[in-house]
Structures are given as C-alpha cells and as structure tokens.
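# Structural overview
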Amino acid sequence: MAAAAEPGARAWLGGGSPLPGSPTSSPDLGAGSRSRSGPGSGPERAGARSPGSAAPGHSFRKVTLTKPTFCHLCSDFIWGLAGILCDGQGPTHGALIPVVCNFMSHEKCLKHVKTPCTSVAPSLVRVPVAHCFGPRGHYKRKFCAVCRKGLEAPGLRCEVCELHVHPDCVPFACSDCRQCHQDGHRDHDAHLHHWREGNLPSGARCELCRKTCGSSDVLAGVRCEWCGVQAHSVCSAALAPECTFGRLRTMLLPPACVRLLSRNFSKMHCFRISESAAPEPGEGDDSMDGSGLAGPGREVVAPESSKQTLKVFDGNDAVQRNHFRAITVPRLARSQEVLEAALRAYYITEDPQGFQLQALPPAAQAGDPGAPGKVWSGGATEEEEEEGSSGQGARDGPCIPRAPEAWIIRALPRAREVLKIYPAWLKVGVAYVSIHVTPQSTARTVVLEVLPLLGRQAEGLESFQLVEVLMGSRQVQRTVLADEEPLLGRLCEIRQTSLRQMSQTRFYVAESRVAAPRVSLFVGGLPPGLSPQEYSRLLDEAVASKAGLVSVSHVYSAQGAVVLDVACFAEAERLYMLVRDTAVQGRPLTALVLPEVLHTKLPPDCHPLLVFVNPRSGGLKGRDLLCSFRKLLNPHQVFELTHGGPLPGFHVFSQVPCFRVLVCGGDGTVGWVLGALEDMRHRLACPEPAVAILPLGTGNDLGRVLRWGAGYSGEDPFSVLVSVDEADAVLVDRWTILLDAHEACGGESSLAEAEPPKIVQMSNYCGIGIDAELSLDFHQAREEEPGKFTSRLHNKGVYVRVGLQKLSHSRGLHRALRLQVEQREVELPSIEGLIFINIASWGSGADLWGSDSDSRFEKPRMDDGLLEVVGVTGVVHMGQVQGGLRSGIRIAQGSYFRVTLLKATPVQVDGEPWVQAPGHMIISAAGPKVHMLRKAKQKPRKAGTPKDVRADGVPAPEGDSK
C-alpha cells in the first residue's frame, strides 16, 4: 500500500480535527480559506467569522448598502448603511466577474448562519442526485438557489423539487434533488427531512416558533420537500430530523418502497419527464458547457477602453467545443489578478498557486488544444516583463499582455494530492475520509487504505470497489475504476479535460455486492393482437435486441405494448435510444423506464395515489400540475398521459394491494383512463381502485356531478390532494357501445364502405346529431390551431360561433334513424339531436332531463343501471337548455338500446366526436360499476380558526382553504 507506506503520509476523517500539519478536511471551511491580502484586496473582512464557525465556506465582508436590503437569515430590513455580504470567492480585484453566494446578513445574525456557501454546498451532498430542469419560464417573486438573486429574466425550475435557478447558475447548483427510490445499494434506515431553502409562500409560518418564515424579498426560510414543514433556518435545527411525510403520508408512495436500477439514465428518463421540456443546447445544458459559457456564435460585449475582455477555457473539451467564459479585466491588471479572475469564472476555489494560464494560438482555437502557447504560472514570461517594465505593471507586478485574447487554465503537475473518499451508502459516522495520493497509488491501494478508517477492514477488499462519480446538475454518471487504475494519473487526465469537471468529480468506496442489473423498459406503439413470440421477433427486427440479455416479461396485446426485462445497463440504454427513434408499421414507438414498487414494504395504512395528468386538456395547465404533484408526492407515482397513456401507470401499480387514482383532464381523458382500467382490471391486485377527478377540460360534466367543480382554476394542489384523501366513494354506471356498420351496408342502398365493428365505453352521455356535429367542428378547429385553445372562455366562444353557423340548418334526424328500447320500437318526435345521458350534467353543467317529476319514468341516478334518452330540436333548443330556460324532450328510459343509422351521422361519446357510417349502435351495461370519488361537502370553518393553518397544524401554502 504505497500511499500508506510513504513517510509522513497521513489520513484523517472529515468532520473531525485534522492532524497537526495536515490540511483540514472538515466541510466547515471558514472564512480564512480563500482570504487574500495586498493592494486592492477590497473592503475589510468581517471579523465575526472564524474557521470554526457554524456556516461552512462563507467569506463575509462589510459592505456599504446603496439600496434597501433584507437579511437572508431573519428576512428583516437591514437598517443603516452597513451589511455583511458573502461574495463566495473573496475580493474581485477589479475583475467584472459575477460573485456566487451573495448571502447578506445583519452583523448580529452572523453567529446563527448555518446555510453553507454556494461555493462549497455541492461538496456537502453525500449521495448526489441530479435535477430535472424544464424549459425557461417566467417565475414571479422567485429567487435563484445559487446566487440568491431574483429571477427577473427567464429562469429554470426543477420539475421534481422546484429548485429555481438562473440559466447561468445551472452548472453550480447542488445535485441534491429528492431521493425518490432505492438504487440497489441498501435500504433507508430512516427518512430524514430534505430541506430546501427559500421561495416559501408569503404567509408561511415556522413550525417551531409560529412566526412568519417566508419572504418575498429574499431567499429565506426552509421547507421539507417531503412533509411540507416550514421553518426558519435557525429553528429547523431544533426539529426532529426524521420526516413523517406529513398530511399526505397515507397517499404518498414512500421512497423506500420503490426500487429503480438506472445507473446512467438521467432523471428525465426515470421520472418520465418529457425531454421536449429540456432547454435548448447552450441553455444550461451541462453537456454543452452552457449556462454562462459563451459558445460558437455568441457575441462578447465590447468593454470600455480601460478594460479588456479575455476568452478563458477550462480544458481541452472546452477548446474543442469552443465554449469559453469571457472575463473583463483592467488592461493594466497583474497576471495574478487575471488568473484569479479566470478561476472565479469557473468557480474553482483551490489555491491559485496550483494553476497557470496558457495562451492559445489560433491553431489551438481552431480545435487543436495541444498547440503550444505562452504560459504564465506565478511569475512572468520574458515578453510580459518587457511589456510590464513601466507604468502600473512595474509597480504592482507583471501585467497580462494585450494579445492573445484567448487563454486556457492549466493545473500544474503535482507529485501528491489530497483526495476525499466518500463512503456512499456505508453506515459510518463521517462524511468522507481524506488521504494522500502519490504516483504509486491505485484504486486498489486507496480502498485498502480507506477501509480501516471506516472500520470495515474485516470484510475484505473483494467486497468493495472504488467508484468515480461525475455530479452533473442534470445527470450523475458513475464509473467503476479498475483495481490497477493509477489515481494520480486519473486526476491529471480529468483536469486536462476540464477543470470544472474535476470540481464535480467525487470518489466513493462502495460495496461490490450490488443487485444484478434489471431494467424494466416499457415499449408502446406496437401492432395490437400479437403473441409474445411475435412481439419478440418484431423487436428483434426493429432494434436487434439481444436474446441473452432481453426478455419479454409482460405483454399487453390489446394495447400493443410490452414490458422488457433488460439484464445489462448498456443494452437498456441502447434499446431506449433506438426505440424512441423507431417506427413500426408507420407508428412511432414509445419507450419508458419503469420502477418497481415493493408492495410488501408499504405501511398498513398506505393507499398511494396514482396520478394521471393530461397536459393538453382545457387551459393547458397540466405542466404546472405535473410539477406540483411531483413535488408534493413521489414523482414515480405521477404519470403524463402523453407518454404511453394510462397503461404504464397501471403496470407499475399492478401489485399494490390498495390504491386510488386521480385523473387530471377533461371528460374524454377520464373516459380514456377508465377504459384502460377496465382492460387492466384482471391484472391488478386492487381491481377496483376509486377514481377522483381534477377537471381540466371545457365541459367537465362528470367532475361537476362528483362535486370537483366546473374546472380547475389554479387552486392549491395541496388542497386538491387533501380533498381526494377525504372524498367519499360512490358507484357510477359504465356502458358499452357496439358500433357495427357492416349489416346496414350490405344492401344495394349502401352509401359508405363497410367498417369493422368497434366497441367504445361511456360514462357520461352519447350524442347523435346536432350536438355531436358541434363537438366535431370544435374538435377539428382545435386540431388545426391548438395554440389558440388555451382557455375555457375561448373554447366556449368557439362553441357559440360554431352553433350560430348552424342555426338555419335542418336535417330531420328522426327520419335518419330508428330507436329500439328493451326490444321495443320507439317513435321519435321531430328532433335534430338524440342524447343518451347517464349523469345529471350535459353540455357544461346543463340539466338536460330536468327536475320535474314524471310518473312514466324513475328518478335518474348515475348508479341505477338505467340510461335516459332525450331529444333536442336544434341549436336554439340546446342554448335554452344550457341557459336553464327549458329541458330536453324526454323520450325513453332503459338499460338496453339499439339504434339503426340509415345514413352517415355525427356521433360523440363523452366529448369524443366522429362521423359514424350507416349501421347499428347497441348500448348496454358494461359489467361492474366503476368506483368514483365524490368530493366531500365543505365543512363550515370554526370560529377563531386561523385561515393560514391547516387542520394538522402545518402552515398552509398560499391558496389553501382547508
């Protein structure tokens, strides 16, 4: 073990006292870690911060305030002209480089600051988890979690934990997204609070002191991402560390009950988040070195005449991509100042004495990073000495030459380094172990040296391995190092590639006994009705799947989908990418990475909620709801219906003994999910889950009768989930409609080509004639220009316009069809529309049947096994019904109907319209009734109950009325 045998080599534990003469490895770096002195060193440093202080990494200094400022700890106004600011990197020496932390505080609050500085916060994350940043958007009154400044320009938001950042700050955000599943290493002993700082509702109250802890002026206060507890940063330390998951614990899928072996799959794939939501290249994409790095085609703003702008690259990869950061420095700046400015541009906090600037000649800028150039490494070259022999440069040190304008930062050769080794999931009491690495150190010798320090030497070297982890803000990549891998050479190689990548790279000692690779890959869009062997052969032809590594575990023949078990990570990644770009018989395939729910570990009182969201319904509010539900629940229980439909969600929950369903969409979306549930019922351990509705559509008639409202209008998603938890289960009839155009088209008077029979399911109503024609025209208009149909008011306006165009049309529907009820012929009056209704709401809340009693018919109910048949005479009659002036023409009531269409006629079922060819329509009961959830009636608020506190004592978010 060369590293341990070296004279003077020592190892020490992170978080403890360092050995004499050894550099500290504690996460608490203190203010003195990057302090500098000398001319131009900036304002006076705050003496209240010491290396042993509670807040790690901050570099505070007193500043003069020129505008109203608030404390980031207590959120109170800072009176007077002086405040305490952390610039994260120390004085700027006049270089115009944005600072990182910007933590502002009263001087009296310094001793209570526990929030780590942004420059060191990523190093304090024990097990990194990447974020899922969506597209740029405007987020009002939100603050960046990296630089703590307001998001005035378009910013980015994590679709899982709602972390808000500027695009320029993305590469420096902590990879601390919520851990939502096991990854095969070990089970969780206890689930701790996952604190997220700032961006709390303005009325948020601290769980401990009951005072306001939110702020609309600064990034202040903390909130647990799982249970929703909110507190002051200081007060949070006094709360119990274990998280109980809060009010939603009975409907939340615990992370310890979900297993997903994903390795290098990004969280976008694991959480089934649309990749169309990802930013364009250069907009914060780590792989493109974006987010503040200038790339090809980006203009560098010309500085004032006394300053110069330099292009700075951080390694060979940046040179090849031509992605640089531009720094602006005084023309007479010393070389030391320019080097420090370049390091600050990449937020590198190491000692500048270990780096040098190398000028890039035109050949290197053209893509040859190995081309030689002038070098500065703490002294000056001959050319610099000559140029700096007079003026400011002669007094303060050599100046950087005016040309060239492109430089690359290089790390100086090192004979030995201090390397932090993290224990990953091992149960030890330290965050990391620091050791010295020499040219003789290999992955094997490092593991041998670290194990005794972790108390695991008795288990043997073969049980552990050294893992290199790249903690990108978008993707965490893991590589197992070979036993003979030279560590010092590996570090040098990473720094040559990218210094920023080196700052994001971490080494872990992990157990070798990991679960065998097993990735579940859902593939949809295949031809329906095939056998498992035919699906295997089809996939072999389409994507050349390897028989020894890939097997078909589940077949959903009716839906044209299969679930593959892949026993190799590389093969799973290859199949995923290929399937997404493959079409079979003209239909594009769908690929989803699915987790496994460990149903035997679910708590006894847990009935998790399966959430389906259709982002295209109604006012297009689905994306915000997707983000909110992923934040409030486990993102693995939230599914977007545009990715494979409801089938993947039901497959994931197939072994859960008791669960509920929430459908966010219009009536058509609800019918879609109920139809999929009917097809999957025999495969579910919970064959009859109750279904709740969050209405996003235009009509939302089923949502109305179940008290969920006329449509979602921005209510607090937490309140919605609480209402689902408190809802009552009711039964609703389901009906089967058999459409058979073959029989009526066999004669000489056939007007249309025969169509194969098909079956559709109905829950609300079925319309034939004028109302279906209006729905069809609206549907076609929305398909032509979907971007215009973003509000219910506009949608209803289109309905009105379409209806006005048909005022003078007369079709005589009663002459174009025949109706039989319970095998009895029924004579139809003169009507233009025939409607079969199952619920007491039609056409956005109208009572088509009416409330008058009638001895001929029973009082309608949605679970009585009967349908009501009503006629309308035209558009005017429909408008009068919707205005409450009239009701429809009552025709019949029964449980079995046969309609004969004598010509092609518009038909709509639960808002989904089409033109039906001549033939027969048979409507009958569809087996068991479906279990729905009806919202409980609002209870009157007790006198004296504060409006901003929920029933469980947890401060309510904005808009929470519970």
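Residues numbered from 1 in each chain as written. Predicted model: local features only at pLDDT ≥ 70, side-chain atom pairs only at ≥ 80, totals over all residues. Heavy atoms only, no water.

Summarising the model, the protein chain shows a mean pLDDT of 78, and 77% of its residues fall at 70 or more. Long-range and interchain partners of residues 743-752, a stretch whose pLDDT sits below 50, account for 10 contacts in this model, where long-range means more than four residues apart. (pLDDT = per-residue confidence, 0-100. Contact = heavy atoms within 4.5 Å.)

A general feature of soluble globular proteins is that nonpolar side chains tend to end up buried together. Core analysis: the biggest nonpolar cluster contains 107 residues, and Phe629, Phe650, Leu662 and Met932 have the highest contact counts within it. Among the elements that take part in this core, helix 16 (residues 667-680) stands out by supplying 6 residues, more than any other. Counting 27 residues, the second-largest nonpolar core is a separate cluster that includes Leu739, Phe897, Val899 and Met921. (Core = buried A, V, L, I, M, F, W, Y, C linked by side-chain atoms within 4.5 Å. Buried < 20%, exposed > 50% of the residue type's maximum accessible area, 1.4 Å probe, protein only. Helix = DSSP H or I, 4+ residues; strand = E, 2+ residues; numbered from the N terminus.)

This brings us to the sheet that holds strand 21 (residues 519-524). Strand order in the open sheet formed by 4 strands is 22-23-21-26, and the pairing between neighbours is antiparallel. Taken across any chain shown, the strands that pair with only one partner, and hence form the sheet edges, are strand 22 (550-556) and strand 26 (590-594). In this sheet, adjacent strand axes meet at a mean angle of 25° when their direction is disregarded. Lying on the sheet, helix 12 (residues 532-543) is in contact with strand 21, strand 22 and strand 23 (561-566); it crosses strand 22 at an angle near 125°. (Pairing = 2+ DSSP bridges. Axes fitted to C-alpha atoms, helices over the stretch in contact; angles between N-to-C directions.)

With that settled, consider the side chain of Arg456. Within the secondary structure layout, Arg456 lies in the loop between helix 9 (443-454) and strand 18 (464-471). In this structure the side chain of Arg456 is engaged in a polar contact, spanning 3.3 Å, whose partner is the side chain of Glu511. When neighbours within four sequence positions are excluded, Arg456 is seen to be in contact with Leu426, Lys427, Leu451, Phe464 and Glu511. (Polar contact = N/O pair within 3.5 Å; in protein donor to acceptor, adjacent residues only side chain to side chain.)

For the rest of this paragraph, the subject is the packing of helix 14 (residues 622-632) against helix 18 (residues 717-726). The geometry of helix 14 relative to helix 18 is characterised by a closest axis approach of 10 Å and an angle of 65° between their N-to-C directions. Considered as vectors, helix 14 and helix 18 are oriented roughly perpendicular to each other. Read as a crossing pair, helix 14 and helix 18 show a hand that is right-handed. On the side of helix 14, the interface is formed by Leu625, Ser628, Phe629 and Leu632, while helix 18 contributes Pro717, Phe718 and Leu721. Within the contact of helix 14 with helix 18, the residues separate by chemical class into 6 nonpolar, 1 polar and no charged. (Parallel < 35°, antiparallel > 145°, perpendicular 65-115°, else oblique. Left-handed = near helix turned anticlockwise from the far one by under 90°. Nonpolar A, V, L, I, M, F, W, Y, C, P; charged D, E, K, R; others polar.)

As a further point, take the pairing of strand 41 (residues 896-901). On any regular strand, side chains alternate: one points to one face of the sheet, the next to the other face. Relative to strand 41, strand 36 (residues 817-821) runs antiparallel, the two sharing 5 bridges. Bridged to Arg818 within strand 41 is Thr900. Sheet topology note: the strand 41/strand 44 (residues 919-925) ladder contains 6 bridges and is antiparallel. Within the sheet, the bridge partner assigned to Tyr896 lies in strand 44 and is Ser924.

So, on to helix 12. Its 12 residues place the ends of helix 12 16 Å apart at the C-alpha level, agreeing with the 16 Å of an ideal helix rising 1.5 Å per residue. For helix 12, the full list of buried residues reads Tyr535, Leu538, Leu539 and Val543. Down the axis of helix 12, the buried set is contained in an arc of 95°. They therefore lie on one face. Residues of helix 12 that are exposed and point over 90 degrees away from its buried face: Gln533 and Glu541. The inward-facing, buried residues of helix 12 abut strand 21, strand 22, strand 23, helix 13 (569-580) and strand 24 (583-584). (Expected span 1.5 Å × (residues − 1). Arc of directions from axis to C-beta.)

Take unusual backbone geometry next. With a phi angle near 70°, Arg707 is a residue other than glycine that sits in the positive phi range. Examined against the element boundaries, Arg707 turns out to sit in the loop between helix 17 (701-705) and helix 18. With a phi close to 50°, Glu822 is a non-glycine residue in the positive phi region. Following the sequence through the fold, Glu822 ends up in the loop between strand 36 and strand 37 (824-826).

In this section: helix 5 (residues 335-345). With respect to burial, helix 5 is a largely interior element, 10 of its 11 residues being buried. Taken from the residues just after helix 5, Tyr347 is the one with a positive phi, measuring 55°.

Before going further, it helps to spend a moment on the side chain of Asp771. By secondary structure assignment, the location of Asp771 is in helix 19 (residues 770-784). Setting aside anything within four residues of it in sequence, one finds Asp771 in contact with Ile835, Trp842, Met878 and Gln908.

Moving on, we get to the packing of aromatic side chains. A full pass over the atoms with the stated rule returns 12 aromatic pairs. Aromatic pair Phe77 and Trp79: ring centres 4.7 Å apart, planes at 70°, arrangement edge-to-face. Given the relative accessible area of 29%, Phe77 is considered partly exposed. Between Phe612 and Phe650 the ring centres are 5.3 Å apart and the planes differ by 55°, which places this aromatic pair in the tilted class. You can see Phe612 sitting in strand 28 (residues 609-613) and its partner Phe650 sitting in helix 15 (residues 647-652), a full 38 residues away along the chain. We classify Phe650 as buried; its relative accessible area is 1%. Taken together, Phe70, Phe77 and Trp79 form an aromatic cluster joined through their ring pairs. (Phe/Tyr/Trp six-rings, centres within 6.5 Å; stacked < 30°, edge-to-face > 60°.)

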